Every structure is written in structure tokens, then in C-alpha cells.
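Tertiary structure, described
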Amino acid sequence: MKRIKAFAPATVANVSCGFDILGFALDSLGDTVELLATEAPGLRVKSITGDGGKLPLAADQNTCTIAIQAMLDAMGSQQGFDVHLQKGLPLGSGMGSSAASAVAALVAANELMGNPFEKKDLLPFAIEAERAACGAAHADNVAPSLLGGFVLIRDYHPLDVIKLSVPKGLCCTLLHPNYQLNTSDSRSVLRDRIPLKDAITQSGNVAGLIAGLFLADFGLISRSLKDVIAEPYRASLLPGFDRVKTAMMQHGALGLGISGSGPTLFVLSEGPENHSKFEQEAKRIYAELGLQVDVFFSTINTRGGYSIDSETE
Ligand code: HSE
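Thresholds applied
- Residues numbered from 1 in each chain as written.
- Predicted model: local features only at pLDDT ≥ 70, side-chain atom pairs only at ≥ 80, totals over all residues.
- Heavy atoms only, no water.
- Buried < 20%, exposed > 50% of the residue type's maximum accessible area, 1.4 Å probe, protein only.
- Helix = DSSP H or I, 4+ residues; strand = E, 2+ residues; numbered from the N terminus.
- Arc of directions from axis to C-beta.
- Contact = heavy atoms within 4.5 Å.
- Pairing = 2+ DSSP bridges.
- Axes fitted to C-alpha atoms, helices over the stretch in contact; angles between N-to-C directions.
- Salt bridge = Lys/Arg side-chain N within 4 Å of Asp/Glu carboxyl O.
- Near = heavy atom within 4 Å.
- Polar contact = N/O pair within 3.5 Å; in protein donor to acceptor, adjacent residues only side chain to side chain.
- Areas by Shrake-Rupley, 256 points an atom, 1.4 Å probe, with all protein chains shown as cover.
- Nonpolar A, V, L, I, M, F, W, Y, C, P; charged D, E, K, R; others polar.
- Domains from an automatic or database assignment.
- Phe/Tyr/Trp six-rings, centres within 6.5 Å; stacked < 30°, edge-to-face > 60°.
- Lys NZ or Arg CZ within 6 Å of the ring centre and 35° of its normal.

Before going further, it helps to examine helix α9 (residues 241-250). When α9 is considered as a whole, its buried residues turn out to be F241, V244, A247 and M248. The buried residues of α9 occupy an angular sector of 140° when projected down its axis, which confines them to one face. Opposite the packed face of α9, turned more than 90 degrees from it, sit the exposed residues D242 and Q250. On its buried side, α9 packs onto β7 (170-177), α8 (231-234), β8 (255-258), β9 (265-270) and α10 (275-288). One or two residues past the end of α9 sits G252, with phi positive at roughly 95°.

Shown next, in the form of C-alpha cells:
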């Protein structure tokens with residue numbers, strides 16, 4: 001096999017109470033990477049579309065090539081690749097944009113190399129790309145983008161990643177206001193010490209959310225979608241956050257939180273029925289603030305990254 005295309009989905013990291021340890025994957029939104037195996041060694045980013053010219057082509061700066069290089073280093077391989085990246089996700093949006101590029105690249109490279117790695121074993125290479133992209137080696141975007149569904153990162157040293165249950169009917173509305181926020185900036189407002197009472201509240205909510213997913217108990221999921229560690233500090237970076245949250249809860253949301261490091265907000269709901277009300281209200285509130293918002297509806301993607309098309313020699 002010489003050429004292959006792979007897709008990796010957008011993700012919602014943190015899911016309110018699971019800062020750096022929980023994430024889930026979305027359907028239809030994501031990035032596509034086409035790889036061509038070359039005779040010459042080395043990695044080359046040949047083209048990027050959909051990024052408005054903002055992403056680096058340099059192989060040591062692009063998350064696709066950083067991830068592939070980490071994989072090749074682990075194999076001791078000199079294989080060369082030309083990379084074509086189609087961005088389907090906005091940059092700095094909190095929708096796991098850098099993660100989707102890295103995961104799509106890894107899925108494609110692994111397949112072109114004859115699948116030397118199981119899918120889950122590609123994770124450390126994707127985490128290296130996240131470290132380069134935002135300075136923090138967090139896995140709560142790359143793990144769900146790779147594996148699909150709801151994912152818990154129980155530990156990072158060594159990695160212990162668990163796929164959680166996804167209750168039937170769980171739906172997500174994404175509200176993406178049209179401005180950019182870098183993960184490193186939204187991490188810089190966080191505190192590095194957590195009062196004991198907040199640690200207790202947060203652990204109760206993470207445990208409750210996971211139990212709610214396995215029990216398909218939407219009431220428990222709703223009660224558990226609370227974050228006392230990141231949201232109180234990050235909300236100040238997000239115009240209209242409190243108003244939008246109050247409106248979505250009034251219109252039947254199970255919960256609303258910051259998707260990853262923002263500015264996108266995610267709304268979880270039982271079934272799709274309230275989606276158009278969420279959209280209408282979000283558009284009204286953001287318009288009053290002078291902001292445009294893109295609204296996406298998605299079910300939970302349980303498949304993760306996958307190859308879509310290949311050409312053999
Ligand atoms: N857990 C990371 C953060 C996700 O909140 O900083 C970034 O998308």
C-alpha cells in the first residue's frame with residue numbers, strides 16, 4: 001500500500017468535572033490526512049487546507065508529522081511520508097483540532113506500515129504531538145479521537161485508558177463562537193492548588209458522571225456535570241458564558257460546560273428534541289454580545305479515527 005487517507009473526529013475534553021481525564025468523540029466533524037509513502041526518508045507536510053494559512057508546514061512543528069515521527073522513532077524506522085492535511089476543525093476552538101490531525105496522521109501511517117501497532121498503542125505518539133502543540137501532554141482529546149466513545153484516562157504514568165459506556169440517546173450540541181482561544185492561555189489562568197473541599201466535590205462528580213454513563217441514568221449525568229476546578233477561572237475568558245449556560249439549562253440541557261479549553265461550549269441532552277431551541281437561544285445571546293456562533297449537533301462517535309481510502313502499488 002502506497003497512499004492512504006484517514007479521518008479522525010472532533011472531541012470534547014474535560015466534560016466539565018473530568019479535567020484532563022475525560023473526553024468523548026463527536027460524529028461527522030473532524031480532520032482528514034492523506035499520506036503517501038515515499039522512497040526518500042523524512043517527513044514533509046506538502047499541503048494544508050482549511051486552516052487559513054495559519055498552521056506550520058515545518059515537520060518539527062506540525063502535529064501530524066510530530067506524531068508520525070514519534071511512531072517511526074519507536075519502530076526504529078526511516079520510512080518517509082508526504083502529508084496532505086485537510087482541516088475540518090477550526091483552530092484554537094476547543095474541539096480537539098490539533099488532536100484530530102495527529103490521530104488521523106497516526107491511523108494512516110500505522111496502516112501504511114502494515115499495522116505494527118494496535119490502535120490504543122498509538123496513543124503515546126499522539127500525546128507527544130499534544131505536548132508540542134500546547135505545552136501540556138494531555139490525552140483527553142487524542143484518546144477519544146483515536147478510540148471513539150467516552151474515554152477515561154485513569155493515569156498518565158503509565159498510561160491507563162478506559163473506554164466508558166455511552167448511553168443510547170445521549171446527544172451533544174456544540175456552540176462555537178467565532179473567536180480563537182489557545183489552550184496554553186486557558187491553562188495559564190488555572191490554579192495549581194485545589195482546596196480539599198473542591199477536590200471532594202470534583203471527585204464526587206467524576207464518579208457520578210461515570211456511574212451515570214454506565215447506568216444510563218440521565219438525572220445522575222446531569223447532576224454530575226459540574227466543574228469547580230477549571231470552569232470558575234476559565235469562564236471569565238468566555239463572554240456570555242453564564243447567560244448561555246442558564247438559558248441552555250432552562251431549555252432542557254442535562255448540562256453545559258466548556259469544551260476542552262474553549263471557547264466552544266458543549267451542551268449534553270437526552271435525545272435531539274431540544275437542539276433547535278439551544279441553537280436559537282445561543283444565536284440570540286451571542287448576537288447581543290456582538291459575536292457570531294456556529295452550532296453543530298452530534299451524536300457520540302463510538303468508532304474513533306479510521307482509514308477511509310487507500311491505493312496499493
Ligand atoms: N484538558 C485540556 C485542557 C483540554 O482543558 O486544557 C484542551 O483541549
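Glancing now at the sheet that holds β8. Read from one edge of the open sheet, four strands run β8-β9-β7-β10, paired in antiparallel fashion. The open sheet terminates on both sides in strands that have one partner only, identified here as β8 and β10 (293-299). With strand direction ignored, the average angle separating the axes of adjacent strands in the sheet is 20°. Taken together, the four bridges between β8 and β9 define a ladder with antiparallel strand orientation. Considered in β9, the bridge of G257 is made with F266. Across the sheet, α10 touches β7, β9 and β10, and the angle it forms with β10 is around 160°.

This brings us to the pattern of salt bridges. Note that side chains of opposite charge can pair when their charged atoms are close. Taken as a whole and assessed by the stated rule, the structure comprises 13 salt bridges. One salt bridge connects K120 with D121, and the closest N-O pair in it is separated by 3.4 Å. Classification of D121 by relative accessible area gives partly exposed; the value is 33%. Between K283 and E279 there is a salt bridge; the shortest N-O distance is 2.9 Å. Here the residue K283 and the residue E279 both occupy positions in helix α10, the gap between them amounting to four residues, near one helical turn. Among the residues examined, E279 registers a relative accessible area of 23% and is labelled partly exposed. Here the salt bridges do not stand alone but share partners, grouping R243, E281, R284 and E288 into one network.

H157 connects to P158 through a cis peptide bond whose omega is -5°. Mapped onto the elements of the fold, P158 is located in the loop between β5 (150-156) and β6 (159-164). Note the cis peptide between G262 and P263, where omega equals 5°. For V15, which is not glycine, the phi torsion reads 50° and is therefore positive. Looking at the secondary structure, you find V15 in the loop between β1 (3-13) and β2 (22-38). We note that A216 has phi near 50°; this positive angle belongs to a residue other than glycine. Residue position: A216 is located in the loop between α6 (196-215) and α7 (218-224). The exposure class of A216 is partly exposed, given its relative accessible area of 40%.

In the vicinity of the ligand, the residues found are A13, N14, F19, D20, H138, D140, N141, T183, R187, R234, G260 and S261. At 2.7 Å, a side-chain N or O of D140 approaches a nitrogen atom of the ligand. R187 has a polar side-chain atom sitting 2.7 Å from an oxygen atom of the ligand. For the ligand, whose accessible area on its own is 260 Å², the fraction buried by protein is 98%. For the shell around the ligand, the class distribution of residues is two nonpolar, six polar and four charged. Mapped onto the domain boundaries, the shell around the ligand takes at least three residues apiece from domain 1 (2-164 + 301-308) and domain 2 (170-299).

Attention shifts here to the side chain of S259. Along the polypeptide, S259 turns up in the loop between β8 and β9. One polar contact links the side chain of S259 to the main-chain carbonyl oxygen of G94, over a distance of 2.7 Å. When residues no more than four places from it in sequence are discounted, the contact partners of S259 are T11, V12, A13, G94, M95, L174, T264, L265 and F266.

Any pair of aromatic rings gets described here by the distance separating the centres and the angle formed by the planes. Under the defined criterion, the tally for this structure stands at four aromatic pairs. With centroids separated by 5.1 Å and ring planes inclined at 75°, the aromatic side chains of F117 and F125 adopt a geometry described as edge-to-face. Side by side, F117 and F125 carry an identical accessibility label, which is buried. Among the aromatic residues, ring-to-ring pairing joins F24, F150 and F266 into one connected group. Across the ring face of Y306, the terminal group of R303 is positioned such that the distance to the ring centre comes to 3.7 Å.

Any functional reading would require information beyond the geometric quantities listed.
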